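Working through the structure, step by step
Residues per chain are reported as follows:
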Amino acid sequence: MLGSAANESMIARNSHLLLSLVLLALLTGAEAQTASVATRPNSYLFNDSHFHLTNYVQKGTDVKRYLEIMGDKVGRSTLFGIPLQQTWSYANSGEYAPTYYLQTDAPLYYYSFTDAFIASAYKKLTPEQQKRLDPMITGFNPADMYAADHIRRVLETFPGVFTGIGEFSIHKEFVSSKVAGNTASLTDPALDKILEFAGEVGLVVILHNDIDMPFAKLGGEPVYLAQIKALFRRHPKTKIIWAHMGLGRVVSPAQGQAASGSAERSPVHRDIIDAIVTDPALRHVYFDISWDEVAKYAVATPEVTRRTADILNRFPDRFLFGTDNVAPTEQAVQMRVFEMWDPIWQLLTPDASRKVRLENYEMLFDAARVKVRAWEKANVK
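Report follows, based on the coordinates. Note that the coordinates shown come from a computational prediction; the quantities given were computed from them, not determined experimentally.

Taken together, Leu-102, Phe-174 and Phe-215 make up a surface patch of nonpolar side chains, about 310 Å² in accessible area. Among the secondary structure elements, Phe-215 is positioned in the loop between strand E8 (204–208) and helix H8 (225–234).

All right, on to the packing of aromatic side chains then. Enumeration according to the criterion identifies 17 aromatic pairs in this entry. Judged by centre distance (4.9 Å) and plane angle (20°), the rings of Phe-46 and Phe-338 are stacked. Note that Phe-46 is positioned in strand E1 (residues 46–48) and Phe-338 in helix H12 (residues 331–340), a separation of 292 residues in sequence. We note that Phe-46, like Phe-338, is buried. Measuring from centroid to centroid gives 4.4 Å for Tyr-100 and Tyr-101, while their planes differ by 35°, and the two rings are tilted. Residue class for Tyr-100 comes out partly exposed when judged on its relative accessible area of 28%.

So, on to the sheet that holds E8. Within the open sheet, the eight strands sit side by side as E1-E3-E6-E7-E8-E9-E10-E11. Their pairing is parallel. Here the strands that pair on one side only, and so sit at the sheet edges, are E1 and strand E11 (319–321). Ignoring strand direction, the axes of neighbouring strands in this sheet form an average angle of 25°. In this structure, strand E3 (residues 74–79) lies alongside strand E6 (residues 133–137), joined through three bridges in parallel fashion. Counted as the bridge partner of Ser-77 is Leu-133 from E6.

Here the focus is the pairing of E8. Burial of E8 is extensive: five of the five residues sit out of reach of the surface. By the alternation rule, side chains of E8 split into Val-204, Ile-206 and His-208 and Val-205 and Leu-207, which are all buried. Both strand E7 (residues 164–169) and E8 contribute to a ladder of five bridges, which runs parallel. Residue Gly-166 lies in a different strand from E8, and its bridge partner there is Ile-206.

What counts as what
- Residues numbered from 1 in each chain as written.
- Predicted model: local features only at pLDDT ≥ 70, side-chain atom pairs only at ≥ 80, totals over all residues.
- Heavy atoms only, no water.
- Patch = residues over 30% accessible without salt bridge, like charges linked within 9 Å, V, L, I, M, F, W, Y side chains within 5 Å.
- Areas by Shrake-Rupley, 256 points an atom, 1.4 Å probe, with all protein chains shown as cover.
- Salt bridge = Lys/Arg side-chain N within 4 Å of Asp/Glu carboxyl O.
- Helix = DSSP H or I, 4+ residues; strand = E, 2+ residues; numbered from the N terminus.
- Phe/Tyr/Trp six-rings, centres within 6.5 Å; stacked < 30°, edge-to-face > 60°.
- Buried < 20%, exposed > 50% of the residue type's maximum accessible area, 1.4 Å probe, protein only.
- Pairing = 2+ DSSP bridges.
- Axes fitted to C-alpha atoms, helices over the stretch in contact; angles between N-to-C directions.

Shown next, in the form of structure tokens:
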């Protein structure tokens with residue numbers, strides 16, 4: 001009996017010790033989980049779905065300097081140049097060297113070396129630095145039937161680098177008419193080949209296409225709306241981000257006012273977006289709310305601000321924040337567009353805000369990384 005009592009006492013002490021160790025492990029695990037939450041990417045203010053490292057003359061910010069600018073504010077970012085080079089025509093601007101397409105009448109031309117430049121800059125980074133960036137292929141002409149072949153060659157030459165294609169433009173105010181060569185079109189089979197190949201590989205697509213012509217009159221459907229929706233429908237397996245929600249510097253949201261002498265009403269821009277996000281056939285289409293020009297529209301009045309927040313709250317899975325900054329020199333510049341959206345951030349639910357600023361980026365680009373690397377493993381020899 002004494003032996004039995006001693007055994008029971010020892011079992012009790014061991015059980016108490018085991019319970020203490022379990023509790024300690026649980027507490028330590030909880031602390032580790034808390035630390036992980038504090039340091040994971042979504043503790044940043046935003047991920048940048050739309051960022052240009054270089055400008056229209058292929059000059060810009062050093063990629064390591066850009067990571068410093070991102071700092072503790074920007075978690076992850078796309079990384080692309082600009083596919084168009086602005087010509088410096090002495091006959092047009094003399095000694096003045098234009099760096100932007102509005103500074104000269106000289107043409108723009110496609111500059112394919114931008115992809116090699118972006119890849120080379122990315123490959124100089126450490127693996128930890130690379131995890132924060134998603135390089136994109138942009139140096140192709142969307143009116144060229146060989147464009148898809150260019151994208152394939154870039155993937156074969158720089159495996160392990162790129163996550164998507166874009167931003168590239170089809171119809172863009174003041175730009176499309178300046179591009180040398182054939183004019184890009186939403187109905188061009190060259191564009192279909194590009195999007196088909198992107199879907200096959202798993203590349204995310206960032207497409208700029210103005211929803212309407214510049215300075216369009218009220219009263220009719222935006223001129224490019226039917227074409228771009230038809231394009232989207234032809235490529236259901238391709239993840240497409242429609243840049244700037246189809247808006248531009250002078251391509252503004254339709255106001256829904258009746259045209260003179262007509263009973264028709266111009267569709268309000270938010271209703272157009274609403275129709276796309278509720279269409280099951282267009283579930284692969286997303287929107288970025290990038291560019292300071294778009295921010296100006298979004299917060300133009302308290303009523304517009306409220307309506308913008310309403311659509312983001314109702315469809316939080318379909319929008320991504322981006323800056324559309326070009327070669328910033330300091331963090332304050334990188335933050336300016338984000339801060340323009342402050343009135344809307346304040347009106348979003350925590351879930352909607354988190355998805356638009358952070359999680360939708362991670363969802364799309366994380367999936368693309370996996371698919372593209374798998375395609376490269378199977379196809380790059």
